[in-house]
Structures are given as structure tokens and as C-alpha cells.
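Residue-level listing of the chains:
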Amino acid sequence: MRQPLKVKIFMDVSASVVEEQVNAWLAKLEAGTILKTDTVVTTVAKGDGASPFIVVTIWYELPASDQDRPGFRAT
């Protein structure tokens, strides 16, 4: 049986903070397949004006267990 896709979302007003969040997550992921990424930049009201707001969305799959792989047979 195929596992459902997982989604990870990173958000901040600073590109360097989002980059650090993504890199830390990737370092902890160990194994997986990234299927799609999406980046949106919009504005958010902050204090006296508006600031950019960055959202990075990553769709990914974790590796399948041996039992989920095609052709697996229990011995």
C-alpha cells in the first residue's frame, strides 16, 4: 500500500530564516523523496508598513518499508 504524501511548510519574513529552517529540516530528514516544491512571496502588515512574507511548501514521501515494496515476500 502506498503511503500518503507528506507536506512541510516553512514561513517567515526573512529569506535567511526560511533557508535555515529548510536546511535544518533536510539535515534531520535522513531519507525521503521530494516530489514538488512551491514558493510564494506575499506581503504582510507589520508595524508602520508591509513586509515581504515567504512561504515554502515541500511535498515529500518517506521511503517505503520492505513490506510495501513490490515483490516483497515474507520468508
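Presented here is a report on the structure given in the accompanying data block. Counting restarts for each chain: residues are numbered from 1 in the order of the written sequence. A pLDDT threshold of at least 70 governs which residues receive local features in this predicted model, and a stricter bar of 80 or more applies before side-chain atom pairs are shown or counted, although totals over entire chains, interfaces and linings include all residues. Each side-chain value is worked out from all heavy atoms of the structure, with water and hydrogens disregarded.

**Things to note about helix 1 (residues 15–29)**
- Given a rise of 1.5 Å per residue, 15 residues ought to cover 21 Å, and the 21 Å separating the end C-alpha atoms of helix 1 matches this to within 8%.
- Among all positions in helix 1, only V18, V22, W25 and L29 are buried. Projected down its long axis, helix 1 carries its buried residues within an arc of 65 degrees, all on one side. Opposite the packed face of helix 1, turned more than 90 degrees from it, sit the exposed residues E20, A27 and K28. Secondary structure elements follow DSSP: runs of H or I of four or more residues count as helices, runs of E of two or more count as strands, with numbering from the N terminus. One less than the residue count of a helix, multiplied by 1.5 Å, gives the span that helix is expected to have. Exposed residues in this analysis have more than 50% of their type's maximum accessible area, buried residues have under 20%, and partly exposed residues fall in between, with area computed by a 1.4 Å probe over protein chains only. Relevant arc is that of directions from the helix axis to the C-beta atoms, nothing else.

**What about the packing of aromatic side chains?**
- Any two of the Phe, Tyr and Trp rings considered here, Trp counted by its six-membered ring, make a pair once their centres fall within 6.5 Å; the pair's planes then place it as stacked at under 30 degrees, edge-to-face at over 60, or tilted in between. A complete count under the given rule lists 2 aromatic pairs for this structure.
- Ring geometry for F10 versus W25: centroids 5.8 Å apart, planes at 65 degrees, classification edge-to-face. Here W25 lies in helix 1 and F10 lies in strand 1 (residues 6–12), a separation of 15 residues in the sequence.
- Note on F10: relative accessible area 5%, which makes it buried.
- With a centroid separation of 5.0 Å and 70 degrees between ring planes, the pair formed by W25 and Y60 is classed as edge-to-face. Here Y60 lies in strand 3 (residues 49–61) and W25 lies in helix 1, a separation of 35 residues in the sequence. For the pair W25 and Y60, a shared accessibility class is recorded, and that class is buried.
- Ring pairing ties together the aromatic residues F10, W25 and Y60, which thus form one cluster.
- Whether a charge sits over a ring comes down to the Lys NZ or Arg CZ being within 6 Å of the ring centre and within 35 degrees of the ring normal. In this arrangement the basic side chain of K36 is found over the ring face of W59, its NZ or CZ atom lying 4.8 Å from the centre.

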